[in-house]
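# Notes for the structure review
Spelled out, the chains give:
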Amino acid sequence: TGAVGLYNLGQSCCLNSLLQVFLMNIHFTGILRRITVPPCAVQRRSNVPYQMLLLLEKMQSGKCKAVRPTELACCLSAHRVELFVQHDAAQLFLHLWNLIKKQMKKLELVEELSDLYTICIQEHLACQNCSFEIKNNSSMITLPLPVLDYNSHSLKTLEDCLQYFFHPEMLTGQNMCFCQQCRRKTPFLQSMKLVHLPQTLTIHLKRFCFEKPSYTHKLSHYLPFPRNLDFNGILTENQCQADDNEKATWQYGLFAVVAHSGSTSCGHYCAYIQSLTECKWYCFNDSEVCQVSWDDVKCTYGHSNLHWGETAYLLIYMRKHPQ
């Protein structure tokens, strides 16, 4: 089944959860298995993709319920991934992904990895006094969704978060932009348009609220997310910048949830992952792995009265109909 645990090396629950999400993704491991093996021992010890491949083989070849990711952790430590500290799963995910991409030598594998995870967005700015427009395409590995609106009211569902993220915003007053055509600052309409979604879509629910430089609190309110997600039924035509062939691929099924329990200063991560070969859900809690139900996964929706309770932080969706 591939459902093998990873021993906690000391506050490594965040790393363990993310490694499980990577290594349970058969599209990612299909790329990982084709990497170029570094020629010497020193290079092999410091190569993140190679150490991930060794860990994958160790997990699949043994009969142990869990293995120690010691060599990979040491490798990551050499690349400034601190050990024995609390990590933010969204930040660590991005750091790991960039390290993997940077150390892959085959260009075709780098392109495949980018295609597998990269989201494309078009930022659109339009002057409200004239016809002047600015369009910029940008790419991201995670879609960072706010869980509160401008008035600090809780958004009710994942679909609401997506609609809010792509909702146009009028920039007025101090937020006005300089218009090259009007030669002065004018009101602008700012909007985000979805251009492309990848095979593996990672959504970051922004549940950690930074109020002051030294104070962060967790937003634990109830926020349900669907097992199946169709962007065509959520976003309007004005929120998309894609042709019909692209939009036809925007149907997704939930693959994994990285959940956080506890507070921002003293927390714990685990991962709920659906095996793509068995279609069964498992909870990966460091060295403990057990089969769970969809109702167990739904327990990560959150609860406003349970600030220490388990809440979904990263949602990983898999495209239903690969191109």
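Just so we're clear, the structure is a prediction, and the values are computed from it rather than from any experiment.

## Quick notes on the packing of helix 6 (residues 89-103) against helix 7 (residues 107-117)
- With their axes 10 Å apart at the nearest point, helix 6 and helix 7 run at an angle of 155° to one another. Taken together, helix 6 and helix 7 sit at an angle that is classed as roughly antiparallel. On helix 7, the residues touching F93, W97, I100 and K101 of helix 6 are V110, L113, S114 and Y117.
- Of the residues that constitute the contact of helix 6 with helix 7, the class distribution is six nonpolar, one polar and one charged.

## Comments concerning the sheet that holds strand 4 (residues 133-140)
- Across the sheet, four strands lie side by side as 4-3-9-6; this open sheet has antiparallel pairing. The open sheet is flanked by strand 4 and strand 6 (169-171), the only strands paired with a single partner. With strand direction ignored, the average angle separating the axes of adjacent strands in the sheet is 25°.
- In the sheet, strand 6 pairs with strand 9 (residues 188-196) via three bridges, with the strands oriented antiparallel. Bridge pairing links L171 to F188 in strand 9.

## Description of the environment of L99
- Mapped onto the elements, L99 comes out in helix 6.
- Overall, the relative accessible area of 10% leaves L99 in the buried class.
- Distance in space between the C-alpha atoms of L99 and L76 is 8.9 Å, their sequence separation being 23 residues.
- Excluding residues within four positions of it along the chain, L99 makes contact with V48, L76, H79 and V81.

## Points about the nonpolar core
- By size, the foremost hydrophobic cluster in this structure holds 56 residues, and its most contacted members are F22, F28, M52, Y117 and L314.
- Of the residues that make up this core, three or more belong to each of domain 1 (1-118) and domain 2 (142-173 + 199-322).
- What F28 contacts, discounting residues up to four positions off in sequence, is F22, L23, M52, I100, L113, L116 and Y117.
- Of all hydrophobic cores here, the second largest spans 44 residues; its members include I121, L194, F225 and C240.

## Quick notes on the packing of aromatic side chains
- Under the definition given, this model contains 15 aromatic pairs.
- An angle of 80° between the planes, with centres 5.0 Å apart, marks the rings of F165 and F166 as edge-to-face. As far as burial versus exposure is concerned, F165 and F166 are alike and both buried.
- Both rings, one in Y222 and one in Y301, keep their centres 5.6 Å apart while their planes meet at 80°; by these two values the pair is edge-to-face. Here Y301 lies in the loop between helix 10 (294-298) and strand 18 (311-319) and Y222 lies in the loop between strand 12 (215-218) and strand 13 (228-230), a separation of 79 residues in the sequence.
- We classify Y301 as buried; its relative accessible area is 8%.
- Taken together, the ring pairs in this structure connect F22, F28, F93, W97 and Y117 into an aromatic cluster.

About the criteria used
Residues numbered from 1 in each chain as written. Predicted model: local features only at pLDDT ≥ 70, side-chain atom pairs only at ≥ 80, totals over all residues. Heavy atoms only, no water. Axes fitted to C-alpha atoms, helices over the stretch in contact; angles between N-to-C directions. Helix = DSSP H or I, 4+ residues; strand = E, 2+ residues; numbered from the N terminus. Parallel < 35°, antiparallel > 145°, perpendicular 65-115°, else oblique. Contact = heavy atoms within 4.5 Å. Nonpolar A, V, L, I, M, F, W, Y, C, P; charged D, E, K, R; others polar. Pairing = 2+ DSSP bridges. Buried < 20%, exposed > 50% of the residue type's maximum accessible area, 1.4 Å probe, protein only. Core = buried A, V, L, I, M, F, W, Y, C linked by side-chain atoms within 4.5 Å. Domains from an automatic or database assignment. Phe/Tyr/Trp six-rings, centres within 6.5 Å; stacked < 30°, edge-to-face > 60°.

Just geometry here; none of it tells us what the structure is for.
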